[in-house]
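Coordinate analysis (summary)
For reference, the chains in residue letters:
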Amino acid sequence: MKIIYTDVLVVGAGLAGLRMAVAAKRRGQDTIILSLVPPKRSHSKAAQGGMQASLGNVIKGLGDNEDVHFADTVKGSDWGCDQDVARLFVNTSPKAVRELAAWGVPWSRITPGDRQVIINGERVTITERKEAAGLIGQRDFGGTKKWRTCFVSDGTGHAMLNAVSDRVIAEHIPVVERVEAIALIHDGKRCYGAVVRDLITGELMAYVSKATAIAAGGAGRLFRVTTNAVICEGTGHSLALETGVATLGNMEAVQFHPTGIFPAGILVTEGCRGDGGLLRDVDGHRFMPDVEPEKKELASRDVVSRRMEERIAQGKGVKSRFGEHIWLDITLLGEHHIKHNLREVYEICHYFLGVDPVKEWIPVRPAQHYTMGGIRTNYTGESRQLKGLFAAGECACWDMHGFNRLGGNSVAETVVAGMLVGEYIADFCEKPENVIDIPTSIVYDFIKREQAKLDRFCDGHGSEDPAKLRARMQDIMTSKIGIFRRGADMESAVSELEDLYKRSFNVSCKPHLGANTELTYAYRTQKMLRLALTIACGASARTESRGAHFREDYPVRDDSKWLKRTLAAWKDENDTLPTLSYEDLDVNKMELPPGWRGYGAKNYIDHPDTAKRQAEVDEIRAKMEAEGADRFAIQNALMPYAHLLPKRLQGKNERIDEPLA
Ligand SMILES: Cc1cc2nc3c(=O)[nH]c(=O)nc-3n(C[C@H](O)[C@H](O)[C@H](O)COP(=O)(O)OP(=O)(O)OC[C@H]3O[C@@H](n4cnc5c(N)ncnc54)[C@H](O)[C@@H]3O)c2cc1C
């Protein structure tokens, strides 16, 4: 049996994992990265639209800054996020974009002078400033107040992942590919690394580490129709859940993206709508202005997805042999724009649909897209229950997204969390009390335990087919835990998922040596069923509507009862359901107390402390403004956060209109 020792073990080689590894390595910590696939094939590569950072370069971004980005993020989250984490994020994102530029990301840049854009269905001319010539450009994306999303045509994730992956090579950080972490080594209080399966040989080994950081991406494949890659099976979430100690936060918070191409679910970016694309129904009618007069096609994703499904339910969907859909019309953007700024969209339509988006409308329907829920951490990225376990990126619930993450905020989160959490990990490793001293017998016991679990799948006694279990799970998740949720449906989903979970112990696999893909599929299906239960139980218990969690039987956001985060644990190996608990969000510490998001329904029940806190915030702001205090001083008085930033990442961001002294 192999045991490999390192300071920092990073599980996942997407943007978050790679960037975190760079930070830890630069602080002198030996770091190893594990990945199911070669790093440059991680799902981050698929990000098309862009990365939010308040640079304020383009004319439509004039006046943008951390405060505006912060407000967009908190409102987008429907007040489900941790506001201090959102502050750390918006402050660091401009630094991250600039660092990536220095690492070679070819951000689309600004040409000064007039340019034609489509706004609200009309072609208008905007004039970029001379002083912005050659600076990083930004597009309209994510329902934000200002144009803030930096992009590389529509291959943003591709360009970012190449640059960060090349940085990892330059820093001599080893990446071990085609391996899967299948369990964490721990004693209930402290994490000591992971049991890892070689996907080619089937061999189990152990990586023992001072700090173990999970950056294993989303869990979209729990659903039948998803924009996620086939490797997004939530294996990272499972690692934490199966410790029995670490918790997952807000697993019921699942985002559906409005424009998955129909019926395959492959994403065409929100940049299509950001750049001026329109949604049309069966009559060719542009219906979004009727239902969302403020933001129209650019309301937040949860809202647009619901409006599309409502339109279909009203009999205004387009019928096809695969079911019903809505049209996305980008023809008004013109051939040059589509073939340059939306190049991948053009190719996806061409190759997967046989549609030419320059001339024809694209069939779209909402598809599962983003997993807001994840391994619950504090602002340093460390699990609150298991010392030495960290998480970052989509698999984490660091929680700047709450119940709906904004377009462009996710790839931004991956690199920003990578930068910050990487520093906090290095701080952790440098503390003498965090040195580990673990007998090899404990490590061997973990390997043996995991081997025994795998052997049980192949002991020849099972009669169940994991493919059938998985397909049924995906159907249940899509039909009963989807965009519109109802109590009775969810109760039946929970009981059926629990039954599928029990049956997953009775599957039959052939005991091949080597790359036994049948076995891989079987144990992952069981892990996915556990996760599906955390989502279904969390959704069923949350009797309100917030962000992407919409209940027809409880359509109102209820801050009086539900201004809290769901925590799911799998306390005992023999349990067949998760144990839920809750973490309150403290209104009295919020910089932005709960209110209306600026789009979607205006109905919500206030928290008893909201009015008091709002009055306090208003008073502080009015007083300090009258005294001539700047926005930084006012922000600091409302919710101080700068002390939480690692030293090297503190400091203001320079903008054309906000030069540093
Ligand atoms: C089609 C699409 C387009 C998107 N476009 C945008 C966009 O324009 N802007 C935006 O902000 N966001 C976008 N997103 C979201 C964003 O791309 C993702 O949230 C983000 O890239 C996730 O990065 P990550 O580093 O957390 O995980 P990933 O990039 O998914 O990487 C996960 C890594 O973990 C590894 N791994 C997983 N499990 C294990 C295991 N058990 N053992 C070892 N390794 C493991 C994988 O091999 C992989 O290397 C998009 C998402 C999709 C689906």
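The structure under discussion appears in the preceding block.
Here goes a summary of the coordinates provided. The numbers attached to residues start from 1 for each chain and follow its sequence in the written order. With pLDDT at 70 or above as the cut-off, local features in this predicted model cover only qualifying residues; side-chain atom pairs require 80 or more to be listed or tallied, and sums for whole chains, interfaces and linings still use all residues. Hydrogens and water molecules were not included; the side-chain quantities draw on all heavy atoms of the structure.

Considering the overall build of the protein
Here a helix means four or more residues in a row that DSSP labels H or I, a strand means two or more in a row labelled E, and each is numbered from the N terminus. Within the protein, the regular secondary structure consists of 18 helices and 23 strands. Relative to the 2.2 N^0.38 estimate, which gives 26 Å for 661 residues, the radius of gyration of the protein is 24 Å and therefore close to what a compact globule would have. Summarising its shape, the C-alpha atoms of the protein cover approximately 70 × 60 × 50 Å along the three principal directions. Between buried and exposed lies partly exposed: a residue is buried under 20% and exposed over 50% of the maximum accessible area for its type, with that area taken using a 1.4 Å probe on protein chains only. The buried share of the protein, taken over its 661 residues, is 61%. With the model as given, the accessible surface of the protein reaches about 24200 Å², and the carbon-plus-sulfur share is 52%. In this count, Lys and Arg are taken as positive residues and Asp and Glu as negative ones, while His and the chain termini are left out. Working definition for charges: the position is that of NZ of Lys, CZ of Arg, CG of Asp or CD of Glu. The distance from the centre of the 87 positive side-chain charges to the centre of the 89 negative ones in the protein is 2 Å. Between the two quantities, the radius of gyration covers C-alpha atoms and the globule rule is 2.2 Å times the number of residues to the power 0.38. In these tables, accessible area is a Shrake-Rupley quantity obtained with a 1.4 Å probe, and a residue counts as shielded only by the protein chains included in the view.

What to know about the packing of aromatic side chains
Pairing of aromatic rings covers Phe, Tyr and Trp, the last through its six-membered ring, and needs centres within 6.5 Å; plane angles under 30 degrees mean stacked, over 60 mean edge-to-face, and all others mean tilted. For the structure shown, the criterion picks out eight aromatic pairs. Centroid distance Tyr379 to Tyr424: 5.5 Å. Interplanar angle 85 degrees. Geometry classified as edge-to-face. Linking Tyr379 in the loop between strand S17 (374-376) and strand S18 (389-391) with Tyr424 in helix H11 (residues 409-430), this pair joins segments that are 45 residues apart in sequence. In this structure Tyr379 comes out as partly exposed when scored by relative accessible area, which is 27%. The class of Tyr424 is buried, set by a relative accessible area of 7%. Their ring planes at 75 degrees and their centres at 5.4 Å tell us that Trp562 and Tyr582 sit as a pair that is edge-to-face. Highlighted residues: Trp562 in helix H16 (residues 559-562) and Tyr582 in strand S22 (residues 579-584), separated in sequence by 20 residues.

Here's the deal with the site of the ligand
We define proximity as follows: a residue is near a molecule or strand when any one of its heavy atoms falls within 4 Å of that partner. Not every one of the 38 residues close to the ligand is listed here, only the nearest: Ser42, His43, Ser44, Thr235 and Glu394. Identification of polar contacts relies on pairs of N or O atoms within 3.5 Å, with a donor-acceptor requirement for protein atoms, meaning one able to donate a hydrogen and the other able to accept it, and with residues adjacent in sequence counted only if both atoms are side-chain atoms. At 3.2 Å from an oxygen atom of the ligand is found a main-chain nitrogen or oxygen belonging to Leu15. Separating an oxygen atom of the ligand from a backbone N or O atom of Ala16 is a distance of 3.0 Å. Burial of the ligand by the surrounding chains reaches 98%, relative to a free accessible area of 1000 Å². When contributions to the shell around the ligand are tallied by element, the ones reaching two or more residues are helix H1 (15-26), strand S2 (31-35), strand S8 (179-186), strand S16 (362-371) and H11. The greatest single-element share of the shell around the ligand, amounting to four residues, is contributed by H11.

Describing the packing of helix H13 (residues 466-480) against helix H15 (residues 517-541)
The angle between two axes is taken between their N-to-C directions and runs from 0 to 180 degrees, where each axis is a line fitted to C-alpha atoms and a helix contributes only its stretch in contact. Packing of H13 against H15 brings their axes to within 10 Å, and their N-to-C directions diverge by 25 degrees. Judged by the inter-axis angle, H13 sits roughly parallel to H15. Remark: the crossing between H13 and H15 carries left-handed chirality. Between H13, through Pro466, Ala467, Leu469, Arg470, Met473 and Met477, and H15, the contact on the second element is made entirely by Tyr521, Ala522, Arg524, Thr525, Met528, Leu529, Ala532 and Ile535. Three residue categories are used. Nonpolar comprises Ala, Val, Leu, Ile, Met, Phe, Trp, Tyr, Cys and Pro, charged comprises Asp, Glu, Lys and Arg, and polar comprises the others, including Gly. Within the contact of H13 with H15, the residues separate by chemical class into 11 nonpolar, one polar and two charged. Our angle categories are set so that under 35 degrees counts as roughly parallel, over 145 as roughly antiparallel, 65 to 115 as roughly perpendicular, and the remainder as oblique. By convention the crossing between two helices is left-handed if the near helix lies anticlockwise of the far one by an angle smaller than a right angle, and right-handed if it lies clockwise. Note on definitions: a residue-residue contact is assigned when non-hydrogen atoms from the two residues lie within 4.5 Å.

Here we look at the environment of Cys458
Mapped onto the fold, Cys458 is located in the loop between helix H12 (440-457) and H13. Taking the relative accessible area as the measure of exposure, Cys458 reaches 15% and is therefore buried. Taking the C-alpha atoms as reference, Cys458 lies 62 Å from Ile59; in sequence the two are 399 residues apart. Excluding residues that lie within four positions of it along the chain, Cys458 makes contacts with Cys509, Lys510, Pro511, Asn516 and Leu519.

Re the sheet that holds strand S19 (residues 396-397)
As summarised here, the arrangement of the five strands in space is S19-S17-S11-S21-S22, forming an open sheet in which the pairing is mixed. Of all strands in the sheet, those with a lone pairing partner are S19 and S22, marking the two edges. DSSP calls a pair of strands paired once it identifies at least 2 bridges connecting them. By the bridge criterion, six bridges tie strand S21 (residues 564-569) to S22 in an arrangement that is antiparallel. Across the sheet, the residue bridging to Thr566 is Tyr582, located in S22.

Observations concerning helix H10 (residues 343-353)
Among all positions of H10, only Val345, Tyr346, Ile348 and Cys349 are buried. Each buried residue of H10 lies within a common arc of 165 degrees when the element is viewed along its axis, so the set occupies one face. Against strand S12 (254-261), helix H6 (271-274), helix H9 (335-341) and S16 lie the buried residues of H10. At the C-terminal side of H10, Gly354 shows a positive phi close to 70 degrees. Here the arc refers to the directions that run from the helix axis out to each C-beta atom.

Regarding the side chain of Glu498
You can see Glu498 is positioned in helix H14 (residues 487-503). For salt bridges, the criterion is a side-chain nitrogen of Lys or Arg within 4 Å of an Asp or Glu carboxyl oxygen. Here Glu498 occupies a buried position and makes no salt bridge, while the nearest side chain of opposite charge, Lys502, is found at 4.0 Å.

Let's talk about the nonpolar core
To define a nonpolar core, start from buried Ala, Val, Leu, Ile, Met, Phe, Trp, Tyr and Cys residues and group those joined through side-chain atoms within 4.5 Å. Within the largest apolar cluster, 78 residues are counted, with the highest numbers of intra-cluster contacts made by Met473 and Leu497. With 12 residues, the single largest contributor to this core is H15. Among the nonpolar cores identified, the runner-up in size contains 67 residues, and Ala21, Ala24, Ile425 and Leu645 belong to it.

Such coordinate-based values are descriptive only and should not be taken to indicate function.
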